[in-house]
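An overview of the molecular structure
Here is how the chains run, residue by residue.
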Amino acid sequence: EEVIKNEEWYQALGDATSQHWLDFPGAAAQVKLLNLFNVTQYLPLALAAKDTLSPADLTEALRYCAVISVRFNGVAQKSTHALEDVYNEAALGLRSGKIKRLGALRKALAPIYVSDDEFEAAFSSLRLKASGHSRRRALYFLLEIERARSGRDMADETQARATVEHILPENPSGDWSAAFSAADFDRYVDRLANYALLEKSLNREAGNEGFGEKRKALAKSEYVTTSEIATTYEDWTREAIDARQRGLAAVAKTVWRL
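The present account deals with the structure reproduced in this document. The residue numbering used here restarts from 1 in each chain and proceeds along that chain's sequence as written. A pLDDT threshold of at least 70 governs which residues receive local features in this predicted model, and a stricter bar of 80 or more applies before side-chain atom pairs are shown or counted, although totals over entire chains, interfaces and linings include all residues. With hydrogens and water stripped out, all remaining heavy atoms of the structure feed into the side-chain values.

1. A word on the overall build of the protein
A tally of regular secondary structure across the protein gives 14 helices and two strands. Principal axes of the C-alpha set define a box for the protein whose edges measure 65 × 35 × 30 Å. The buried label goes to any residue with under 20% of its type's maximum accessible area, the exposed label to any with over 50%, and the partly exposed label to all in between, with areas taken from a 1.4 Å probe on protein chains only. The burial tally for the protein puts 46% of its 258 residues in the buried class. The contact criterion used is simple: two residues touch if any of their non-hydrogen atoms lie within 4.5 Å. The long-range share in the protein, meaning contacts at least 24 apart out of those at least 6 apart in sequence, stands at 71%. Taken as a whole, the protein presents about 12700 Å² of accessible surface, with 48% of it coming from carbon and sulfur. Looking at the protein, you have 34 positive and 37 negative side-chain charges, and the mean spots of the two groups are 3 Å apart. Helix and strand assignments follow DSSP, with helices taken as H or I runs no shorter than four residues and strands as E runs no shorter than two, numbered in order from the N terminus. Only the protein chains shown count as cover for residues, with accessible areas throughout obtained via the Shrake-Rupley method and a probe of 1.4 Å. Working convention for charge: Lys and Arg count positive, Asp and Glu count negative, and His plus the chain ends are omitted. Lysine's charge is taken at NZ, arginine's at CZ, aspartate's at CG and glutamate's at CD.

2. What to know about helix α2 (residues 27-36)
Among the residues of α2, A27, Q30, V31, L33, L34 and L36 are the ones counted as buried. Looking at the buried side of α2, the elements it contacts are α1 (2-13), α4 (55-75) and α8 (132-150). The first or second residue beyond α2 is N38, which carries a positive phi of 55°.

3. Structural notes on the environment of V75
Structurally, V75 can be placed in helix α4. We classify V75 as buried; its relative accessible area is 4%. The sequence separation of V75 and E118 amounts to 43 residues, and the corresponding C-alpha distance is 9.7 Å. Not counting residues up to four positions away in its chain, the partners in contact with V75 are V70, F119, A122, F123, L126 and F141.

4. Brief notes about the packing of α8 against helix α13 (residues 224-232)
When two helices pack together, their arrangement is given by the angle between the helix axes and the distance between those axes. Comment: axis = line fitted to C-alpha atoms, over the contacting stretch for helices; angle = value between 0 and 180 degrees taken between N-to-C directions. Taken N-terminus to C-terminus, the directions of α8 and α13 make an angle of 80°; their axes are 8 Å apart at the nearest point. Between α8 and α13, the angle is such that the two are roughly perpendicular. Contact residues: α8 offers I145, E146, R149 and S150, while α13 offers V224, T225 and E228. Its residues assigned to classes, the contact of α8 with α13 shows two nonpolar, two polar and three charged. Note that the term roughly parallel is reserved for angles under 35 degrees, roughly antiparallel for angles over 145, roughly perpendicular for angles of 65 to 115, and oblique for everything else. Any residue that is not Ala, Val, Leu, Ile, Met, Phe, Trp, Tyr, Cys, Pro, Asp, Glu, Lys or Arg is counted as polar, Gly included; the first ten are nonpolar and the last four charged.

5. Some points on the side chain of S124
Note that S124 resides in the loop between α7 (116-123) and α8. With relative accessibility at 19%, the residue S124 sits in the buried group. In terms of polar contacts, S124 uses its side chain to reach the backbone carbonyl oxygen of E120, at 2.8 Å. In the analysis that follows, any N or O atom pair within 3.5 Å is treated as a polar contact, provided that within protein one partner can donate a hydrogen and the other can accept it, and provided that, for residues neighboring in sequence, both atoms belong to side chains.

6. Here we look at empty space enclosed by the protein
Think of a 1 Å grid over just the protein atoms. A cavity is a set of points where a 1.4 Å probe fits yet cannot get out, a pocket is an open set with protein on both sides within 12 Å along at least five of seven lines, and lining residues have an atom within 4 Å of a point. Grid points are joined across faces, edges and corners, and a volume is the space filled by probe spheres set on the points. A full pass over the atoms with the stated rule returns one cavity of 30 Å³ or more. If you trace the largest cavity, you find it lined by Y42, L45, A46, A49, L58, A61, L62 and C65. Elements represented by at least two residues in the lining of the largest cavity include exactly α3 (43-52) and α4. A class-by-class count of the residues in the lining of the largest cavity yields eight nonpolar, no polar and no charged.

7. Digging into helix α5 (residues 81-96)
For an α-helix, 3.6 residues make a turn, and residues three or four places apart therefore share a direction. In this analysis, the expected span of each helix is defined as 1.5 Å times one less than the number of residues it contains. Between its first and last C-alpha atoms α5 spans 24 Å; for 16 residues at 1.5 Å apiece the expected length is 22 Å, and the two agree. Of all the residues in α5, the buried ones are L83, V86, Y87, A90, A91, G93 and L94. The arc that holds the buried residues of α5, viewed along the axis, is 160°, so those residues lie on one side. Exposed side chains of α5 directed beyond 90 degrees from the buried face belong to H81, D85, E89 and L92. Looking one or two places after α5, you find G97, whose phi comes out positive at around 95°. This arc is built from the directions going out from the helix axis to the C-beta atoms.

8. A word on the pairing of strand β2 (residues 195-199)
The side chains of a regular strand alternate between the sheet's two faces. Across the five residues of β2, five count as buried, placing the element largely inside the fold. Burial along β2 is two-sided: the residues Y195, L197 and E199 and A196 and L198 are all buried. Pairing analysis gives five bridges linking strand β1 (residues 162-166) to β2, with the strands arranged antiparallel. Pairing of H166 across the sheet is with Y195, part of β2. For two strands to pair, DSSP has to find at least two bridges joining them.

9. Examining the pairing of β1
Taken across its five residues, β1 has five buried, putting it largely inside the fold. Neither face of β1 is open: one carries A162, V164 and H166, the other T163 and E165, and all of them are buried.

This is the structure:
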């Protein structure tokens, strides 16, 4: 019976859409995030938490794991070997009764919580490919920063309308060559700051033209973090990308925080 129960939990931890999470408000969002970053090291902790914590505290414990994963795996991209030791020790602490409260759990997880300074520095140079899993992660980062900046909780349909637009295009026209050499293009085209949330209807309008034309489409966007590009930057250069990404990093450390 215990094995069957654990199997149900194990499957649910791999599926954020499972009806299992209806009894745990807020937990599905954390599971979705953990799966987005392909995190598995936390599973012993989650299985221990479901036996020892209340539903609300379990959800909060999953949030701890999700935030740690964004900082440790998603942004700082550190070696995951340290994760197993810390998560396993925390799981043992829960099962033995040494860890009874969330405060003690946070303390046990502190060794794998990337500091604000390290996180902000790593986020300031974060690069993500615009395809597959990396694209979904880029979209997630941009949506959450938009949520923090705009102060509004975007509905599912609003998020569904969002696309990830390259400001410096993947296939640039000749207008871009003055600002970006071939080497600069390779270094900057996949920087997170070179991506903007853009409605599908405006994505076609943006095209691969120079920044002067693309800026008109960005200015029409309902997304605060996108429309401000048009008002903040007259040209899209290496310096502009660096500056925007530092701004994104400053917000990010307040979004993904215990």
